[in-house]
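Structural description and commentary
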Number of protein chains: 4
Amino acid sequence: MTTDATEARVDRPIRLGMVGGGKDAFIGAVHRIAARLDGRYELVAGALSSSPEKAQESGRALGLKDDRIYDSFEEMAKREARLKGGIEAVAIVTPNHVHYPAAKAFLKRNIHVICDKPLTSTLADAKKLAKAAEASEALFFLTHNYTGYPMIRQARQLVEEGALGKIRVIQVEYPQDWLTVEQHNKQAEWRTDPARSGLGGSVGDIGTHAYNLACFVTGLTASSLAADLQCFVPGRQVDDNGHVMLRFDSGARGLLWCSQVAPGNENNLKLRVYGEKGGLEWHQENPNSLIFTPFGEAARIITRGGAGMSASLASTTRIPPGHPEGYLEGFANLYTEAADQIRAHQAGKQVASLVPGIEEGLSGVRFIDACVRSSAKNAAWMQLE
Amino acid sequence: MTTDATEARVDRPIRLGMVGGGKDAFIGAVHRIAARLDGRYELVAGALSSSPEKAQESGRALGLKDDRIYDSFEEMAKREARLKGGIEAVAIVTPNHVHYPAAKAFLKRNIHVICDKPLTSTLADAKKLAKAAEASEALFFLTHNYTGYPMIRQARQLVEEGALGKIRVIQVEYPQDWLTVEQHNKQAEWRTDPARSGLGGSVGDIGTHAYNLACFVTGLTASSLAADLQCFVPGRQVDDNGHVMLRFDSGARGLLWCSQVAPGNENNLKLRVYGEKGGLEWHQENPNSLIFTPFGEAARIITRGGAGMSASLASTTRIPPGHPEGYLEGFANLYTEAADQIRAHQAGKQVASLVPGIEEGLSGVRFIDACVRSSAKNAAWMQLE
Amino acid sequence: MTTDATEARVDRPIRLGMVGGGKDAFIGAVHRIAARLDGRYELVAGALSSSPEKAQESGRALGLKDDRIYDSFEEMAKREARLKGGIEAVAIVTPNHVHYPAAKAFLKRNIHVICDKPLTSTLADAKKLAKAAEASEALFFLTHNYTGYPMIRQARQLVEEGALGKIRVIQVEYPQDWLTVEQHNKQAEWRTDPARSGLGGSVGDIGTHAYNLACFVTGLTASSLAADLQCFVPGRQVDDNGHVMLRFDSGARGLLWCSQVAPGNENNLKLRVYGEKGGLEWHQENPNSLIFTPFGEAARIITRGGAGMSASLASTTRIPPGHPEGYLEGFANLYTEAADQIRAHQAGKQVASLVPGIEEGLSGVRFIDACVRSSAKNAAWMQLE
Amino acid sequence: MTTDATEARVDRPIRLGMVGGGKDAFIGAVHRIAARLDGRYELVAGALSSSPEKAQESGRALGLKDDRIYDSFEEMAKREARLKGGIEAVAIVTPNHVHYPAAKAFLKRNIHVICDKPLTSTLADAKKLAKAAEASEALFFLTHNYTGYPMIRQARQLVEEGALGKIRVIQVEYPQDWLTVEQHNKQAEWRTDPARSGLGGSVGDIGTHAYNLACFVTGLTASSLAADLQCFVPGRQVDDNGHVMLRFDSGARGLLWCSQVAPGNENNLKLRVYGEKGGLEWHQENPNSLIFTPFGEAARIITRGGAGMSASLASTTRIPPGHPEGYLEGFANLYTEAADQIRAHQAGKQVASLVPGIEEGLSGVRFIDACVRSSAKNAAWMQLE
């Protein structure tokens, strides 16, 4: 029983604000559940929409007090920073182009930031944000949420311990199908608008998740890539399918596929890693198990909380094996680990953490940027600068 | 995006108390997460252990105020009933034999009860509790949590709509392996002690879940059964494996297997239903899809939130298809639906609900009782009285 | 590469006759492919139908010489027994009620018999055939073909070696859906006619396969059973669904389900065996792997020809791992092993063999008989006499 | 029952010779089983090894008459062509570099050729062989055996009928793990020797299968590709892992991965095709089903012989659904279809056929050649010339 482990850490909840995530938004509600799941945060303030009307309506619907509902993130940052009992952390869940200005506003006031991915919509913004984070006393967390899955932690640990030997080949893919035809809902619109989403379409929205996951598990970073991006749906301004060949510093090679036009795929993120001594395979849609094959032996099915899982990962899971955990629990792991870090930081301590931050964010935007540059040059090899 | 649906219902959280669920307990923490997930409850009081010391310690660890931490459920029931701002509902998560007295204490004071399964440890208690519930103005909910899974709701709806035709055959099984050898932890101990667990071992702990699920999906109730229960681990006082043949009023027949000694099974609950026109299959360990085969056609994989799911089930899921939900979300669905009912009840209204209650609880204890009686008579057919 | 193993045994093919298996038959063609696959038999004679006209037509279509095409098995038995270069073995692939007289006719003349299952359509016939086989110098083989699958051999070996410890629980099932509605083809007609099929319907046609497989893998035999057989399709004269509780001499218990009315199941034979130390699981529809879980460890996927398979099983597979073998190869294994035995017998030698024979046949008919008797007495426990 | 369909075509078996396939060979035995399975061929002659001693020994082991066992294919071609009752067709199953001279020798004498893939070890040889085939009256078949699987035929038909709409994206992969470490058996040795295998390693041995399958199912041909080939095992002279980006004439794009160093993969060939209206997915290791998802609908599991399979494919399968067929049956389909063509050709008729031939062989060698050239130029785009 691992439930005690997560709850035992509970002290007073962290006062949280939110930028974005109002009515019709998707990822905001996910962040709120993730924050709430282990009882480590209390949502007390919000600038939930760029439309003041919607911001008010959404704030009230979430039970925020009137004077903690803001029409803009600037206003919220300024006032909360001065408020006794103001927010300790803020979740930024807006379209990509707002990440940079919003994060900067809070970092400047030493309010901890939990920001959705990708870090920013441009590489220039990403570099500026990295500097802002460095200059701030506050912590910065990036919700590459798939890194919160217990079996992804197990995979990382297997690689780290050398169970796979030196890594040779990485296969990672993230196909979806929801943009197979033109869509006119809010989610589709900003994601296919380069001004809000950034130059990458599928490569920015989900390719960057796939790339992050591959790096997280293997501990490697790509040095160069060749990308062939396509836009299949007429009139769309960003890519909806991408093929990327990767070369890593260590000599490992990879293949990455992302797509939003692959019928039959919902969020079919899959990672496979092969080394000199073994291989592993994980599927996001069935995240509670991990296949590990030591070369020359029968494959093993390692299950979340089961006999094959490392005891050191107990704090990443809440319920016994065979009772599935999912996306929200993985997401919540990042929030809960961020809470641990925030409390430690407030106490003048440091705790080790696997929650992605500025570095991973910068790496992700570099990946997107290199993909777009490479594809524009007929899939020439590009350094991830 | 279905997230709005759940959150839009949010108003002031329901004040919740808890009986049981202190340190080293398992299911208490699950109930707390389920209550918290959609923000519909606030835990404000607890009698968390039958040991006063542990009750105090556990209450403080959960952040309860000192005067809301009780040493016994009786004390909590009495005081909270009189308290302005006292609890509106209580979650009972003790070993089985405490369900009856605890539930009675709160029902008597018209405090809504959310009780873990099985209803009670004896059929006599179950009948008395049914009367207590009838006499009370409060609502009674039983957390047969697997009924909260969206794809189980989908399965039920397919049967109800006639997509399978008249039901002929039900196959349901719930194998585990954790009691393959003797265990000495708290969870194992009370579950294998007839005084606390009731006469059924595996059949009471998990067989009753399997039976409930079969009835929930098909709308049928067994009229008689023949059970062959075994106790494989030497010294154990209750069954750890059970084989049950079922006959339903409608003429349908079923087979039920429950086991705690089947190595390789974690919580491998599986339901299959076959009718004159089609069949369906669902696995708890991978709960986000449902296989439905209309006779004479290719099987279809219906996914949670996907194209094949009924739009009327939108409120049972929080995130888009392909991002898995699990055990906690299904459990939370019952809590959230109970919250809807409680608020409606307080407003003098009624809302339809699929959350199991007294009737399902009574039916479950009848099932256990009949299994034990049948097995004692060499698997003779017994009516579910 | 194991191909050499099977082919290296090739010498002159065995001269084979066939009874039944003419036009519109199903299993006859399967036997012919199985006989041909490893090149160990040559079909040279046939009494392929009880209709002389169809017998002639079918014989010519298969390229038999005119004087080796017979109108009846009696005629074939008599003449071939006297013929120089007459058949050495005969395959009997008729409806069940013909198995006994046909087998007897050939056994009497010391021609080896390869007979389809079940052994006979009545228990009385089965006992007489057992005596006939004992009295004959010829060998008798029964094509319980699923025993020929390499991973079933692997499963048997794991049990035999004690990898599962003492067996406690056996779950076996064989659901199909082809008789969900009334059918009027030849296959359906004789299988639902008690005069030709025997008293068992689904229990005789496929339940007996399931029972045989459970016994083959575990080495156990049931001492008693309780069966609840149903006939769901109106007008059908034999059962089309059966639920059976099994008790084995050793104390193990089992559950067996067979059905021909379970939409979505083609030939979904599945076996699971659980012991004190581990469990295993095998699916006929995906027969190239076997899941083995030592209690307290991660499950292992043992693949046909892969690293986890026993080297001693090399002769049961023809191609490398990952290239699937199927039903015909498993069936062919029995034919090829029978050929080894026949050649050894002709040379005055004996070879160990796992091919089922009279004993397994008798055991199967006893199973069917006990199921029918039990069901007629409201699922009372019956000894397998 | 589809068995009649295959056997009804039986007439006198075709007299077959074999080049290669002696002791210790792998694919020769597979060809022999495939030829034998439907009874359409009789092996009567062989030049089974380049070592005369082994050729003699192997021929005798296979029961060939002494005067039909040859020490070289030249000798066999010459003598059989003159022999009354000489071979009508020859199977060439040697290492790649012998394909060209051997095939030429038989084509020149108008003996039909069934040749293993890839067509030749060099592009120059492939072009010469194409001319030789054109000049011959004999037929030429190339055993890209995966095209023989019934569900691959079903996939092709779905694409052809427009069920997927215009094809956008193709994902194909063929990972193995047997060369993860250095191997010293016969199979490994010639496959990693460029003189015998050709310049491609994994890309020639299995990448070409993957490419062929993608083209077979979609009806498309790649116009250009960019390949990043690696050789991970020290000292190996050819690639053991390859990443290839594909561009098709139609505008479709593809990604192809082949590997012999991916632990946990046996012969894990997998094809996924996505179009404007739907997607499909097929796994060679579980070849009896095909997942087809019309966009916006639930995925469908089409099974071999099941309700969703096209009736026109009945002749590609021998047994009812749910009884798995595998690699040998798919391989046999090509042999049987080649037999139909040979007999038709001998009768002066033509029959439509899906068996790959010279054109597909040439296309495959062009693919290998372009991969090797591209990789040598740092994965620059290369035309498939």
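The shown structure was predicted, so the numbers you read here are calculated from the model rather than taken from an experiment.

Calculation rules
Residues numbered from 1 in each chain as written. Chains lettered and ligands numbered in written order. Predicted model: local features only at pLDDT ≥ 70, side-chain atom pairs only at ≥ 80, totals over all residues. Heavy atoms only, no water. Helix = DSSP H or I, 4+ residues; strand = E, 2+ residues; numbered from the N terminus. Rg over C-alpha atoms; globule rule 2.2 N^0.38 Å. Buried < 20%, exposed > 50% of the residue type's maximum accessible area, 1.4 Å probe, protein only. Contact = heavy atoms within 4.5 Å. Areas by Shrake-Rupley, 256 points an atom, 1.4 Å probe, with all protein chains shown as cover. Lys, Arg positive; Asp, Glu negative; His and termini not counted. Charge placed at Lys NZ, Arg CZ, Asp CG, Glu CD. Domains from an automatic or database assignment. Buried area = accessible area lost by both parts, 1.4 Å probe. Salt bridge = Lys/Arg side-chain N within 4 Å of Asp/Glu carboxyl O. Nonpolar A, V, L, I, M, F, W, Y, C, P; charged D, E, K, R; others polar. Pairing = 2+ DSSP bridges. Axes fitted to C-alpha atoms, helices over the stretch in contact; angles between N-to-C directions. Least-squares fit on C-alpha atoms with pLDDT ≥ 70 in both. UniProt positions renumbered as here; feature names shortened; annotations may be inferred. Disulfide = S-S within 2.5 Å. Polar contact = N/O pair within 3.5 Å; in protein donor to acceptor, adjacent residues only side chain to side chain. Expected span 1.5 Å × (residues − 1). Right-handed = clockwise from strand over helix to strand, strands pointing away. Phe/Tyr/Trp six-rings, centres within 6.5 Å; stacked < 30°, edge-to-face > 60°. Patch = residues over 30% accessible without salt bridge, like charges linked within 9 Å, V, L, I, M, F, W, Y side chains within 5 Å.

Some points on the overall build of chain A
Scanning chain A from terminus to terminus reveals 12 helices and 14 strands. A globule of 385 residues ought to have a C-alpha radius of gyration of about 21 Å, and chain A, at 20 Å, matches this closely. Taken across its 385 residues, chain A has 67% of its residues classed as buried. Residue pairs in contact within chain A that sit at least 24 positions apart in sequence constitute 69% of those at least 6 positions apart. When the accessible area of chain A is evaluated, it comes to approximately 12,600 Å², of which 49% is carbon and sulfur surface. For chain A, the separation between the mean place of its 43 positive charges and that of its 44 negative charges on side chains is 4 Å.

Brief notes about the domain arrangement of chain A
All names here are of chain A. By the assigned domains, chain A splits into domain 1 (4-138) and domain 2 (149-319 + 362-383). Computed over C-alpha atoms, the centres of domain 1 and domain 2 are 27 Å apart. Every contact between the two is made by 22 residues of domain 1 and, on the other side, 20 residues of domain 2. In total, domain 1 and domain 2 occlude about 1,600 Å² of area from one another, counting both sides; carbon and sulfur atoms represent 62% of this. Contact with domain 2 buries surface across domain 1, with Asn 96, Lys 117 and Leu 123 losing the most and accounting together for 28% of the total. Put simply, Asp 205 and Lys 117 hold a salt bridge, and the shortest N to O gap is 3.4 Å. Among the elements of the structure, helix 1 (3-7), helix 5 (96-107) and helix 6 (123-135) are those that each provide at least two residues to the side of domain 1 that touches domain 2. No other element matches helix 6, which puts 4 residues into the side of domain 1 that touches domain 2. Residue composition of the side of domain 1 that touches domain 2, by class: 10 nonpolar, 6 polar and 6 charged.

Notes on the sheet that holds strand 3 (residues 89-92) of chain D
Either a parallel or an antiparallel arrangement is found when strands of a sheet pair, and the pairing is made through backbone hydrogen bonds. All names here are of chain D. Spatial strand order, 2-1-3-4-5: 5 strands in an open sheet with parallel pairing. Each having just a single partner strand, strand 2 (41-47) and strand 5 (140-142) make up the two edges of the open sheet. Strand-to-strand twist of the sheet, defined as the mean angle between neighbouring strand axes without regard to direction, takes the value 25°. Alignment of strand 1 (residues 14-19) against strand 3, held across 4 bridges, turns out to be parallel. Along strand 3, the bridge assignment pairs Val 19 with Ile 92.

A closer look at the relation of the copies chain B and chain D
Superposition of chain B onto chain D requires a rotation of 180° combined with a translation of 0.0 Å along the rotation axis, giving an RMSD of 0.0 Å. What the superposition gives is, in effect, a two-fold axis relating one chain to the other. Relative to the rotation axis, the closest C-alpha in chain B is found at B:Arg300, a distance of 2.2 Å. Of all interface residues in chain B, 100% are interface residues in chain D too; the two copies therefore contact each other through one and the same surface.

Re the UniProt feature "domain: GFO/IDH/MocA-like oxidoreductase" (unreviewed entry) in chain A
The UniProt entry lists residues 152-281 of chain A under the feature "domain: GFO/IDH/MocA-like oxidoreductase" (unreviewed entry), expressed in the numbering used here. Counted over residues 152-281 of chain A, helix gives 28% and strand 33%. Its end C-alpha atoms are 10 Å apart.

Considering the state of the cysteines
In the structure shown here, the tally under the stated rule is 0 disulfides over all chains. Of all cysteine sulfurs, the one in B:Cys258 lies closest to B:Cys231, which takes part in no disulfide; the gap is 13 Å. Its relative accessible area of 38% is what places B:Cys231 among the partly exposed residues. Left without a disulfide partner, D:Cys371 is nearest to the cysteine sulfur of D:Cys258, which lies 7.1 Å away.

Digging into the pattern of salt bridges
Considering all chains together, one arrives at 84 salt bridges over all chains under this definition. Between C:Arg343 and C:Glu88 there is a salt bridge whose closest N-O contact spans 2.9 Å. In this pair, C:Arg343 is assigned in helix 11 (residues 327-346) and C:Glu88 in the loop between helix 4 (73-82) and strand 3 (89-92), connecting sequence segments 255 residues apart. The two residues C:Arg343 and C:Glu88 agree in class, both being buried. Measuring nitrogen to oxygen at the nearest pair gives 2.8 Å for the salt bridge that ties C:Arg153 to C:Glu337. Taken together, the residues C:Arg153 in helix 7 (residues 150-160) and C:Glu337 in helix 11 connect sequence positions 184 residues apart. Because the salt bridges share partners, they merge into one network encompassing A:Arg12, A:Arg15, A:Glu88 and A:Arg343.

Here's the deal with the environment of A:Arg318
Residue and element names in this part refer to chain A. Within the secondary structure layout, Arg 318 lies in the loop between strand 13 (299-303) and helix 11 (327-346). Along the backbone, Arg 318 and Trp 178 are 140 residues apart, and their C-alpha atoms lie at a distance of 31 Å. Side chain to side chain, Arg 318 and Asp 38 meet in a polar contact 2.7 Å long.

Regarding the interface of chain B and chain D
Tallying the contact residues gives 9 residues for chain B and 9 residues for chain D. For the chain B and chain D pair, buried surface summed over both sides reaches about 660 Å², with 71% attributable to carbon and sulfur atoms. For chain B, the biggest contributors to the area lost against chain D are B:Ala298, B:Ile301 and B:Ala307; these three give 56% of the whole. On inspection of chain B and its partner chain D, the count reaches 0 salt bridges. At the boundary of chain B and chain D, one finds 2 residue pairs in polar contact (both at pLDDT 80 or more). Here the side of chain B that touches chain D takes 3 residues from strand 13 (residues 299-303) of chain B, the largest share from any one element. Within the side of chain B that touches chain D, the residues separate by chemical class into 5 nonpolar, 2 polar and 2 charged. Taken together, the 3 bridges between strand 13 of chain B and strand 13 (residues 299-303) of chain D define a ladder with antiparallel strand orientation.

Let's talk about the side chain of A:Gln154
By the secondary structure assignment, A:Gln154 is in helix 7 (residues 150-161). Each residue touching A:Gln154, except ones within four places of it in the same chain, is listed here: A:Leu290, A:Ile302, A:Gly308, A:Met309, A:Ser310 and A:Leu313.

Regarding helix 6 (residues 123-135) of chain D
Look at helix 6 of chain D: 19 Å from first C-alpha to last across 13 residues, which is about the 18 Å you get at 1.5 Å a residue. At its buried positions, helix 6 of chain D is contacted by helix 5 (96-108), strand 5 and helix 12 (358-376) of chain D.

What to know about the pairing of strand 1 (residues 14-19) of chain A
Residue and element names in this part refer to chain A. Burial analysis of strand 1 places 5 of its 6 residues in the buried class, the great majority of the element. Bridge count between strand 1 and strand 2 (residues 41-47): 6 bridges; the pairing is parallel. In the sheet register, Leu 16 faces strand 2, and the bridge partner there is Leu 43. The parallel pair strand 1 and strand 2 is bridged by helix 2 (residues 27-37), and the resulting crossover is right-handed.

A word on the interface of chain B and chain C
By a widespread convention, an interface's size corresponds to the accessible area lost as its parts come together. Each partner contributes to the interface: chain B provides 39 residues, whereas chain C provides 39 residues. Between chain B and chain C, roughly 3,500 Å² of surface is buried when both sides are summed, and carbon and sulfur atoms account for 60% of that area. The largest share of the area that chain B buries against chain C comes from B:Arg168, B:Pro263 and B:Phe295, three residues that together contribute 19% of it. Counting the contacts that link chain B with chain C gives 6 salt bridges. Here B:Arg272 and C:Glu173 are joined by a salt bridge, their closest N and O atoms 2.6 Å apart. One can count 18 residue pairs in polar contact (both at pLDDT 80 or more) joining chain B with chain C.

Concerning the relation of the copies chain B and chain C
Placing chain B over chain C gives an RMSD of 0.0 Å and needs a rotation angle of 180°, together with 0.0 Å of translation along the axis. The fraction of interface residues of chain B whose copies in chain C are also interface residues reaches 100%, indicating that both copies meet through the same surface.

So, the packing of aromatic side chains
All names here are of chain B. In this structure the tally under the stated criterion is 36 aromatic pairs over all chains. Relative to Tyr 149, the ring of Tyr 146 has its centre 6.4 Å away and its plane inclined at 15°; by these criteria the two rings are stacked. On the accessibility criterion, Tyr 149 (2% relative accessible area) is buried. Both rings, one in Tyr 211 and one in Phe 367, keep their centres 4.6 Å apart while their planes meet at 5°; by these two values the pair is stacked.

Focus on a positive patch on the surface
Residues A:Lys78, A:Arg82, A:Lys104 and A:Lys108 make up a contiguous surface patch of positive charge. In this structure, A:Lys108 sits in the loop between helix 5 and strand 4 (112-115).

Focus: the sheet that holds strand 2 (residues 41-47) of chain C
Residue and element names in this part refer to chain C. With respect to topology, 5 strands assemble into an open sheet ordered 2-1-3-4-5, the strand pairing being parallel. What marks the edges here is a single partner per strand, and that holds for strand 2 and strand 5 (140-142). Along the sheet, successive strands turn relative to each other by an average axial angle of 25°, direction set aside.

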